[in-house]
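One letter stands for each residue in the lines below.
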Amino acid sequence: MWRLPGARAALRVIRTALEKLSPAEAQSQTAAGAMERAVVRCVPSEPKLSLSFALADGSHKNMQRDQSEPLGRVLSRIATNALKGHAKAAAAKKSRKSRPNASGGAACSGPGPEPAVACEPVVKLYYREEAVAEDVLNVDAWQDGAVLQIGDVKYKVERNPPAFTELQLPRYIMAGFPVCPKLSLEFGDPASSLFRWYKEAKSGAAEPEVGVPSSLSSSSPSSSWTETEVEERVYTPSNADIGLRLKLHCTPGDGQRFGPSRELESVCVVEAGPGTCTFDHRHLYTKKVTEDALIRTVSYNILADTYAQTEFSRTVLYPYCAPYALELDYRQNLIQKELTGYNADVICLQEVDRAVFSDSLVPALEAFGLEGVFRIKQHEGLATFYRKSKFSLLSQHDISFYEALESDPLHKELLEKLVLYPSAQEKVLQRSSVLQVSVLQSTKDSSKRICVANTHLYWHPKGGYIRLIQMAVALAHIRHVSCDLYPGIPVIFCGDFNSTPSTGMYHFVINGSIPEDHEDWASNGEEERCNMSLTHFFKLKSACGEPAYTNYVGGFHGCLDYIFIDLNALEVEQVIPLPSHEEVTTHQALPSVSHPSDHIALVCDLKWK
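Note that the structure is predicted; figures quoted are calculated from it, not measured.

How should the packing of helix α15 (residues 464-485) against helix α16 (residues 504-511) be read in this particular structure?
Any two packed helices are characterised by how steeply their axes cross, that is the angle between the axes, and by the distance between the axes. Between α15 and α16, the shortest axis-to-axis distance is 9 Å and the interhelical angle comes to 25 degrees. Here α16 runs roughly parallel to α15, going by the angle between their axes. Along this stretch, α15 crosses α16, giving a crossing that reads as right-handed. Here Arg467, Leu468, Met471, Ala472 and Leu475 of α15 lie close against α16, whose contacting residues are Gly504, Met505, Phe508 and Val509. Here the residues of the contact of α15 with α16 sort into seven nonpolar, one polar and one charged.

In this structure, what is going on with unusual backbone geometry? I would like to understand it.
For residues other than glycine, phi is negative in most cases, and the peptide bonds are mostly trans. Residues leucine 590 and proline 591 are joined by a peptide bond in cis, for which omega reads -5 degrees. One non-glycine residue, glutamate 129, lies in the positive phi region at around 65 degrees. Along the polypeptide, glutamate 129 turns up in the loop between β4 (123-127) and β5 (130-131). Exposure remark for glutamate 129: the relative accessible area of 80% places this residue in the exposed category.

Could you clarify how one ought to interpret the side chain of asparagine 160 in this entry?
With respect to the helices and strands, the residue asparagine 160 is situated in the loop between β7 (153-159) and β8 (163-168). Residue class for asparagine 160 comes out buried when judged on its relative accessible area of 10%. Of note is the side chain of asparagine 160, whose polar atom sits 2.7 Å from the backbone nitrogen of cysteine 42. Beyond its immediate sequence surroundings of up to four residues, asparagine 160 is in contact with Val40, Arg41, Cys42, Phe187 and Arg257.

Whenever I open this one, the sheet that holds strand β12 (residues 246-251) confuses me. Can you help?
The strands making up a sheet associate through hydrogen bonds between their backbones, and the pairing can be parallel or antiparallel. Pairing within the open sheet is antiparallel, and its four strands lie in the order β11-β10-β12-β13. Two strands lie at the open edges of the sheet, namely β11 (225-227) and β13 (262-265), each paired on one side alone. Neighbour to neighbour, the strand axes of the sheet diverge by 25 degrees on average, direction disregarded. Bridge analysis of strand β10 (residues 194-200) against β11 gives three bridges, and the strand direction is antiparallel. Bridging across to β11, glutamate 200 finds its partner in tryptophan 225.

Which parts of the structure should I look at to understand the side chain of aspartate 329?
Here aspartate 329 lies in helix α10 (residues 328-341). Within polar-contact distance, the side chain of aspartate 329 engages the side chain of arginine 171 at 2.6 Å. Other than its neighbours up to four places away in sequence, aspartate 329 contacts Arg171 and Tyr172.

I tried to follow a nonpolar patch on the surface on my own but got confused; where do I start?
Where nonpolar side chains cluster on the molecular surface, the patch consists of Phe312, Val316 and Leu317 and spans about 270 Å² of accessible area. Along the chain, valine 316 turns up in helix α8 (residues 311-317).

What should I look at first to understand the sheet that holds strand β17 (residues 381-387) in this one?
Judged by pairing direction, the sheet is mixed, and its six strands sit side by side in the order β16-β17-β15-β14-β30-β29 without closing on themselves. Single-partner strands in this sheet number two, and they are β16 (370-376) and β29 (570-575). Sheet twist, expressed as the mean angle between neighbouring strand axes with direction ignored, is 25 degrees. Bridging between strand β14 (residues 294-301) and strand β30 (residues 602-608) involves six bridges; their strand directions are antiparallel. For arginine 296, the partnering residue across the bridge sits in β30 and is aspartate 605. Helix α11 (residues 354-366) rests against β15 (346-352), β16 and β17 of the sheet, and its axis sits at about 170 degrees to β16.

Where do I start with the environment of phenylalanine 385 in this structure?
Along the polypeptide, phenylalanine 385 turns up in strand β17. Sequence spacing of phenylalanine 385 and leucine 370 is 15 residues, and the spatial spacing of their C-alpha atoms is 6.0 Å.

Explanation requested: the confidence of the model for the chain in the structure shown.
Any region with low pLDDT has predicted coordinates that should not be read closely. Of the residues in the chain, 85% reach a pLDDT of 70 or more, and the chain-wide mean stands at 88. Scored below 50 in pLDDT, residues 1-33 makes 61 contacts in the model with residues more than four places away or belonging to other chains. In the predicted structure, residues 101-112 sits below a pLDDT of 50 and forms twelve contacts with residues beyond four places in sequence or in another chain.

Please clarify how the pairing of β30 should be interpreted in this entry.
Every regular strand shows the same layout, with side chains that alternate between the two sheet faces. Within β30, six of the seven residues are buried, which leaves the element mostly enclosed by the surrounding structure. When β29 meets β30, the two strands line up antiparallel, connected through five bridges. Paired with valine 572 across the strands is leucine 606, a residue of β30.

So what exactly am I meant to see when it comes to the pattern of salt bridges here?
Two side chains of opposite charge can pair, provided their charged atoms sit close to one another. Inspection of the entire model under this criterion finds 24 salt bridges. With a shortest N-O distance of 3.7 Å, arginine 196 and glutamate 227 are connected by a salt bridge. With arginine 196 in strand β10 and glutamate 227 in strand β11, this residue pair connects regions lying 31 residues apart in the sequence. By relative accessible area, arginine 196 is classed as buried at 13%. Notably, a salt bridge pairs arginine 233 with glutamate 366, separated by 2.8 Å at the nearest N-O pair. Placement of arginine 233 in the loop between β11 and β12 and of glutamate 366 in helix α11 is noted, with a sequence separation of 133 residues between them.

Where do I start with the packing of helix α14 (residues 422-430) against α15 in this structure?
Put simply, α14 and α15 touch, their axes get as near as 10 Å, and they point 65 degrees apart. Of the possible angle classes, the one that applies to α14 and α15 is roughly perpendicular. In the packing of α14 onto α15, the handedness of the crossing is right-handed. Contacts from Ala424, Lys427 and Val428 in α14 reach Tyr465, Ile466 and Ile469 in α15. Tallied by class, residues from the contact of α14 with α15 come to five nonpolar, no polar and one charged.

In this structure, what is going on with the packing of aromatic side chains? I would like to understand it.
When we look at a pair of aromatic rings, we describe it by the centre distance and by the angle of the planes. Using the criterion set out here, one finds 16 aromatic pairs in the structure. On the numbers, 6.2 Å between centres and 45 degrees between planes, the contact of tyrosine 506 with phenylalanine 564 is tilted. Here the residue tyrosine 506 occupies a position in helix α16, and phenylalanine 564 occupies one in strand β28 (residues 561-566), the gap between them amounting to 58 residues. Of the two residues, tyrosine 506 and phenylalanine 564, both sit in the buried class. Grouped by ring-pair contacts, the aromatic residues Phe493, Phe497, Tyr506, Tyr562 and Phe564 constitute a single cluster. Its guanidinium or amino end placed over the ring of tyrosine 198, lysine 247 lies 5.0 Å from that ring's centre, counting from NZ or CZ. Over the aromatic face of phenylalanine 177 sits the side chain of lysine 337, whose NZ or CZ is 4.4 Å from the ring centroid.

Help me understand the nonpolar core in this model?
One recurring pattern in soluble globular proteins: nonpolar side chains tend to sit buried together. Judged by nonpolar contacts, the single largest core of 46 residues is most densely connected at Leu435, Ile469, Met471, Ile478, Phe493 and Trp521. Leave out the neighbours within four places in its chain, and tryptophan 521 touches Tyr465, Leu468, Ile469, Ile514, Pro515, Glu516, Glu528, Arg529, Cys530, Asn531, Met532 and Leu534. Core analysis: the second largest hydrophobic core is formed by 43 residues, Val298, Ile302, Tyr320 and Tyr549 among them.

Each value, and the rule that gives it
- Residues numbered from 1 in each chain as written.
- Predicted model: local features only at pLDDT ≥ 70, side-chain atom pairs only at ≥ 80, totals over all residues.
- Heavy atoms only, no water.
- Axes fitted to C-alpha atoms, helices over the stretch in contact; angles between N-to-C directions.
- Helix = DSSP H or I, 4+ residues; strand = E, 2+ residues; numbered from the N terminus.
- Parallel < 35°, antiparallel > 145°, perpendicular 65-115°, else oblique.
- Left-handed = near helix turned anticlockwise from the far one by under 90°.
- Contact = heavy atoms within 4.5 Å.
- Nonpolar A, V, L, I, M, F, W, Y, C, P; charged D, E, K, R; others polar.
- Buried < 20%, exposed > 50% of the residue type's maximum accessible area, 1.4 Å probe, protein only.
- Polar contact = N/O pair within 3.5 Å; in protein donor to acceptor, adjacent residues only side chain to side chain.
- Pairing = 2+ DSSP bridges.
- Patch = residues over 30% accessible without salt bridge, like charges linked within 9 Å, V, L, I, M, F, W, Y side chains within 5 Å.
- Areas by Shrake-Rupley, 256 points an atom, 1.4 Å probe, with all protein chains shown as cover.
- Salt bridge = Lys/Arg side-chain N within 4 Å of Asp/Glu carboxyl O.
- pLDDT = per-residue confidence, 0-100.
- Phe/Tyr/Trp six-rings, centres within 6.5 Å; stacked < 30°, edge-to-face > 60°.
- Lys NZ or Arg CZ within 6 Å of the ring centre and 35° of its normal.
- Core = buried A, V, L, I, M, F, W, Y, C linked by side-chain atoms within 4.5 Å.

Written as structure tokens, this is what we have:
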């Protein structure tokens, strides 16, 4: 008898063709003798492993066993389960016939009708055609490629095959807007997985079978679903799909093998879109990904759901916005379509809910070649995405402003100035604002690196002096990254700075200094005045200029968002025009049914000097 060594065998390539087949083809191959599958999930950090397989009677078994348990105990339990299933199936058959089985007894393991007396089936586990000893521990016994035999039925063991741990379609689907499933994978990756989209057959296109309830016949792909030509993760419904539901057939993969397939159907039908959106005309300028010499950059406050769904937002901030247009499921459709349509190389987002980042933005943008990193602030945070074909992430250097100011020697001089103004210091250190800094390296030329910074400064209209100090901390930290850690790399600094071009913060960034008598040092009154002079060494410019507004709500409009660039290393190739005033005010203000945020995205193409 062969004994499995303690070292874990490497995972093998075990499945390819079957998962690519249609359900009908797969069924015919199984009937023709293809081996059943027994799926084993065994993770070193967990005390138990799981074993899943289907018995001959059609029942499905999911077992949780200790990894340190001897194999013999599991095999004994499987035999008991198989015996119970066998007896249950025999009883059901007898009940249906309303008479004893009269076709004669048969040996337990032999072919033919149900035996008169059931006996426990032989259960063995084989590896490389040798039986695995029953004293071998589960963790070592259940190897990929082993064969589990239960009576006459053989199962191919698949250890840790790719598997979906989460799979979900959005609740709101609109024609013309990309549909990207929310999914989580274990032992696999979306890029190696298979996707096949179906749409509901139009009414009257397929009649249900005679005597079969429509609820049953509708589950058959051949009778009620039409296969589309889309075999990608993202499907964009057309107007012809309006009123129909969608179905997605997914097979998880890891580049070498495939795991069990899953299907899911949309809860809702495809609805008509909102018509022309504020970003549709802008997409005419961004139809293609830019050439290698250019960096298309986007900065966008996408309006966090945690703020959009408050009673204050619905009744005071955005009373003009249709309630359904403030719902996340609706706005996500618009955000995904807008962002993917820019074909950007770098995207810096503010007010990003953690769940929106992981469940919506990552899958949608990943499907279009972008990868992202996230930094939480408090209730929401910052996200930076970069095009994988152009850049790789070299390092991250995120900070919290108040933590850096208190503990980083880099800001010792600034803190010493601030300590002289206790009221102002207290307010500054209460703010949760953060700075996200990512160093990207060109995939085409490793000598080309860039420092991408992203922030959302304190929002209060009277917080001018707080924003000045936050910006001083940000620029000192960015200088450390771009001069000390990576000498000479250019800087792109994006964000919602909550400052118009007339403010001290903007003056400080553009001019390199701010005098101690600037009015913003007393932005919240004399009690919190904190006069100090500040300087920075960067030569920065607002790449998109100073638009009339980047934020437009019922009670305010103004330019609060910027893409600051390092003039020593970068220049502006083109600025994508903002929506016209007529487009912005079609539904009075932002957000609206045609625009997902109260801010407008800044988009520009930058060029290395």
